[in-house]
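Listed below, chain by chain, are the residues.
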Amino acid sequence: MNNIAEREPAAIVTVTATSTVRIKLATTAAEREATRQLRRAVFCEEQGIFDGDDTDAIDQLALPIAAVLCRPDIDMPALANEVIGTVRIHESEPGIWYGSRLAVARQARRIGSVGSGLIKLAVGTAHAHGCKTFLAQVQSQNVPLFRRLNWHTLAELEVHGRAHHLMQADLAHYPPIHDGDVGFIVTRGAL
C-alpha cells in the first residue's frame, strides 16, 4: 500500500459530534470517482510520483475501498459524505492479494484510525475472498504503522525512485470481513 499520504484540503473538514468515519468498499460511482481524485491529488500533485494520473491496469481488477466522513447534520448530500481516505486491493494470482495506493487526506489525519481502518478492511475483505497471502509495497516512512498492525518486511526495494518495503500481513490478525460493502465505523481519535 504505497503510502499514507496527505493532500491540501479543498475545504476544511468540519467534524461534529454526530460525524462518523465509515470504512467500506467504494460501491457507488461517486465514491469510486472520489477515491480516484484523492489518489491523483496525493500521488500526482503532492508527491509527483505520477504525471497527471496514477491510473494503471490494476484499476481494472481492483476493489477500491473508501474512508467516508459522514456528517448527518449537513443538508447537502454532496458535502455530507466526503471520501477522506482510500486504498485498492486485487488478487494477482489465486490466493495472492495486494494492497496499493493507500492515501489519507491531510485534513483527515487528526481524525485518527483512518489509515489503520483502511488496512483492516483491505486485508479482511481479501481474506474473505480466499486470500492466503496479502502483500503491499510500503513507503519506508510508513513501515512502523504496518509493523504495529502485524505486518513484517520481506524485502527492501525502490519503487518509483522511493525506498519501500515489500511487506506481508499476518492473516491471523485479520479475520475475514464478508460485508465490506457495509464496512465499519472507525474509532474517532482527536475530533
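Our subject is the structure that appears above.
Notes on the structure follow. Computed from a predicted model, the values in this text were never measured in an experiment.

In terms of regular secondary structure, the chain is built from four helices and eight strands. Helices and strands in the chain line up, N terminus first, as β-α-β-α-β-β-α-β-α-β-β-β. Per-residue burial for the chain yields a buried fraction of 49% across its 191 residues. For the chain, the share of sequence-separated contacts (at least 6 apart) that also reach a separation of at least 24 residues comes to 71%.

Under the definition given, this model contains 10 salt bridges. Between Asp56 and Arg101 there is a salt bridge, with the nearest N and O atoms lying 3.3 Å from each other. Residue Asp56 is found in the loop between helix H1 (29-46) and strand E2 (63-70), and its partner Arg101 is found in strand E4 (residues 96-104); the two are separated by 45 residues along the sequence. For Asp56, a relative accessible area of 26% translates into the label partly exposed. Linking Arg88 and Asp59 is a salt bridge whose minimum nitrogen-to-oxygen distance equals 2.9 Å. With Arg88 in strand E3 (residues 81-93) and Asp59 in the loop between H1 and E2, this residue pair connects regions lying 29 residues apart in the sequence. Residue classification places Arg88 among the buried positions, given a relative accessible area of 2%. Judged by its relative accessible area of 21%, Asp59 falls in the partly exposed class. Connected through shared salt-bridge partners, Arg39, Asp54, Asp56, Asp59, Arg88 and Arg101 make up one network.

Reading the values: the criteria
All residue numbers here refer to positions counted from 1 along the written sequence of the relevant chain. Reporting in this predicted model follows two pLDDT cut-offs: at least 70 for local features of residues, and 80 or more for side-chain atom pairs to be given and counted; totals over whole chains, interfaces and linings ignore these cut-offs and use all residues. Heavy atoms from the whole structure form the basis of all side-chain values; hydrogens and water molecules are not counted. By definition, any uninterrupted DSSP run of H or I lasting at least four residues is a helix, any uninterrupted run of E lasting at least two residues is a strand, and each is numbered from the N terminus. With a 1.4 Å probe rolled over the protein chains alone, any residue whose accessible area is under 20% of its type maximum counts as buried; one over 50% counts as exposed, and the rest are partly exposed. Every residue pair with non-hydrogen atoms within 4.5 Å of one another is taken to be in contact. When a carboxyl oxygen of Asp or Glu is within 4 Å of a side-chain nitrogen of Lys or Arg, the pair counts as a salt bridge.

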